[in-house]
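Structural overview for review
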Amino acid sequence: MKLKEIKEILQAKIICSKNLLDIEIHFAGAADLMSDALAFGEPGLLLLTGLTNSQSIRTADIIGAKAVVYVRGKKPAKDVIEFAQSKKIPVLLTKFMMFTACGRLFSHNLPGVHEFKEKKTNAR
Amino acid sequence: MHAEAELSLNFEIKGKNFSQAGTISTKIKEILQELGIPMSIIRRTAIAAYEAEMNVVMYADRANLTLCLTPAGITISINDKGPGIEDIKQAMEEGFSTATDEIREMGFGAGMGLPNIKKNSDKMKISSIPGKGTSLDIFFSLSKVSEQ
């Protein structure tokens, strides 16, 4: 699924790296605790979070996440946006709550990390 | 452990400096990328370094971090000055945490730090003297390249 489709599904606004709307996203994960994201994150992840400080972008960069979605209408500070831009990580803002945002993506066949890995293993 | 080092770099981590938290781990990731280390190893190293760096920022006064690269692998050693850990076995349990609200607001303090470091490294050695500080050595083998 392309990032621009995710943007539509979440009725989101993209606030940086707008040129990357055509990247493919294959799975997603959600966490407000960055240690959890570091534990389950896989390269290519779409990270949904309600944590809008710089650690969310740093975590996304460390795990190799492709994009970050901030839920519940939260907006990051300017320095966080600049940091995301410097790391070429697109950032989307959605008004949906975490549960709803995840549910909308899941119902459009975007799997979670474990479902994606299982599918990949079973396909071998 | 640092014999035959091809590269050895030192960094200083300041405790409670939340605005700069994680910058050294990002730097380590960039250095390893420039050196052409396989991505799967960089990723594990960066995650473990980030968790370890956050532990210093959250709990210690200051620490020295040494990044050492040999043909065998990458070693990160962190020696901090701080309260130390009373019970290392308990600290290694997933979910155990003594984090403050300020730390939790940063998205950390879930009690996953040390277990995450162990999970991502090939060898981990930790020792601590309560009231003085903690020493952590983590090793990543360069011969173990997992599938991306």
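Presented here is a report on the structure given in the accompanying data block.

So, how was this worked out
- Residues numbered from 1 in each chain as written.
- Chains lettered and ligands numbered in written order.
- Predicted model: local features only at pLDDT ≥ 70, side-chain atom pairs only at ≥ 80, totals over all residues.
- Heavy atoms only, no water.
- Helix = DSSP H or I, 4+ residues; strand = E, 2+ residues; numbered from the N terminus.
- Rg over C-alpha atoms; globule rule 2.2 N^0.38 Å.
- Buried < 20%, exposed > 50% of the residue type's maximum accessible area, 1.4 Å probe, protein only.
- Contact = heavy atoms within 4.5 Å.
- Areas by Shrake-Rupley, 256 points an atom, 1.4 Å probe, with all protein chains shown as cover.
- Lys, Arg positive; Asp, Glu negative; His and termini not counted.
- Charge placed at Lys NZ, Arg CZ, Asp CG, Glu CD.
- Pairing = 2+ DSSP bridges.
- Axes fitted to C-alpha atoms, helices over the stretch in contact; angles between N-to-C directions.
- Buried area = accessible area lost by both parts, 1.4 Å probe.
- Salt bridge = Lys/Arg side-chain N within 4 Å of Asp/Glu carboxyl O.
- Polar contact = N/O pair within 3.5 Å; in protein donor to acceptor, adjacent residues only side chain to side chain.
- Arc of directions from axis to C-beta.
- 1 Å grid on protein atoms, 1.4 Å probe; cavity = no way out; pocket = protein on both sides within 12 Å on 5 of 7 lines; lining within 4 Å.
- Points joined across faces, edges and corners; volume = space filled by probe spheres on them.
- Nonpolar A, V, L, I, M, F, W, Y, C, P; charged D, E, K, R; others polar.
- Parallel < 35°, antiparallel > 145°, perpendicular 65-115°, else oblique.
- Left-handed = near helix turned anticlockwise from the far one by under 90°.

1. With respect to the overall build of chain A
When you go through chain A residue by residue, the secondary structure sums to 6 helices and 5 strands. Starting at the N terminus and walking to the C terminus, you meet the elements of chain A as α-β-β-α-β-α-β-α-β-α-α. Taking 2.2 N^0.38 as the reference for a compact globule, 124 residues should give roughly 14 Å; the C-alpha atoms of chain A span a radius of gyration of 13 Å, in line with that estimate. On the principal axes, the C-alpha backbone points of chain A span a range of 45 × 25 × 25 Å. In chain A, buried positions account for 52% of the 124 residues. Taking the contacts inside chain A whose residues are at least 6 apart along the sequence as the reference set, 50% of them involve residues at least 24 apart. Accessible surface computed for chain A: about 5800 Å², of which carbon and sulfur atoms make up 55%. For chain A, the distance from the average site of its 19 positive side-chain charges to the average site of its 12 negative ones is 5 Å.

2. Some remarks on the sheet that holds strand β4 (residues 67–70) of chain A
All names here are of chain A. Strand order across the open sheet formed by 5 strands is β1-β5-β4-β3-β2, with mixed pairing between neighbours. The two strands at the open ends of the sheet, each matched to only one other strand, are β1 (13–16) and β2 (28–30). On average, each strand axis in the sheet is tilted by 25° relative to the strand beside it, whichever way the strands run. Against the sheet, helix α4 (residues 78–86) makes contact with β1, β4 and β5 (91–93), and its axis sits at roughly 80° relative to β1, the strand it touches most.

3. Considerations on the interface of chain A and chain B
The interface is formed by 21 residues belonging to chain A together with 25 residues belonging to chain B. Carbon and sulfur atoms supply 48% of the area that chain A and chain B bury against each other, a total of about 1800 Å² over both sides. Across the pair A:Asp61 and B:Lys29 runs a salt bridge whose closest N-O atoms are separated by 3.3 Å. Here chain A is connected to chain B by 14 residue pairs in polar contact (both at pLDDT 80 or more).

4. Some details on the sheet that holds strand β5 (residues 133–141) of chain B
Residue and element names in this part refer to chain B. With antiparallel pairing, the 5 strands of this open sheet are ordered in space as β1-β2-β3-β5-β4. Each edge of the sheet is formed by a strand with only one pairing partner; in this case those strands are β1 (7–14) and β4 (123–129). On average, each strand axis in the sheet is inclined to that of its neighbour by 10°, with strand direction left out of account. Where β1 and strand β2 (residues 62–69) come together, 8 bridges link them in antiparallel fashion.

5. What about α4(A)?
All names here are of chain A. Three or more residues of α4 are buried, namely Val80, Phe83 and Ala84. End-on view of α4: buried residues confined to an arc of 100°, all on one side of the axis. Turned more than 90 degrees off the buried face of α4, the exposed positions are Lys78 and Asp79. Just beyond α4, the residue with positive phi is Lys88, at close to 55°.

6. Thoughts on the layout of surface pockets
Residue and element names in this part refer to chain B. The volume enclosed by the second largest pocket comes to roughly 590 Å³. Asn55, Tyr59, Ile85, Ala91 and Leu114 are the residues nearest the centre of the second largest pocket, which is lined by 31 residues in total. When residues of the lining of the second largest pocket are traced back to their parent elements, those giving at least two are α2 (39–59), β3 (73–81), α3 (88–91), α5 (113–120) and β5. With 6 residues, α2 is the single largest residue contributor to the lining of the second largest pocket. Taken together, the residues of the lining of the second largest pocket sort by class into 16 nonpolar, 11 polar and 4 charged.

7. Considering the pairing of β4(B)
Residue and element names in this part refer to chain B. By the bridge criterion, 7 bridges tie β4 to β5 in an arrangement that is antiparallel. When the bridges of β5 are listed, Ser127 appears paired with Ser135. Count of turn residues in the β4/β5 antiparallel hairpin: 3 residues, of which Gly131 carries a positive phi of about 90°.

8. What to know about the packing of helix α1 (residues 23–34) of chain B against α2(B)
Residue and element names in this part refer to chain B. Running from N to C, α1 and α2 cross one another at 160°; their axes reach a closest spacing of 8 Å. Classed by the angle they form, the pair α1 and α2 counts as roughly antiparallel. Where α1 crosses over α2, the handedness of that crossing is right-handed. Side by side, α1 and α2 meet where Thr23, Ile24, Ser25, Ile28, Lys29, Leu32 and Gln33 of the first sit next to Met39, Ile42, Thr45, Ala46, Ala49, Tyr50 and Glu53 of the second. A breakdown of the residues in the contact of α1 with α2 according to their chemical character gives 8 nonpolar, 4 polar and 2 charged.

9. So, the pairing of β5(B)
Residue and element names in this part refer to chain B. Taking burial as the measure, the 9 residues of β5 include 8 buried ones, the bulk of the element. The pairing of β3 with β5 spans 7 bridges and is classified as antiparallel. Bridging across to β5, Ile76 finds its partner in Ile138.

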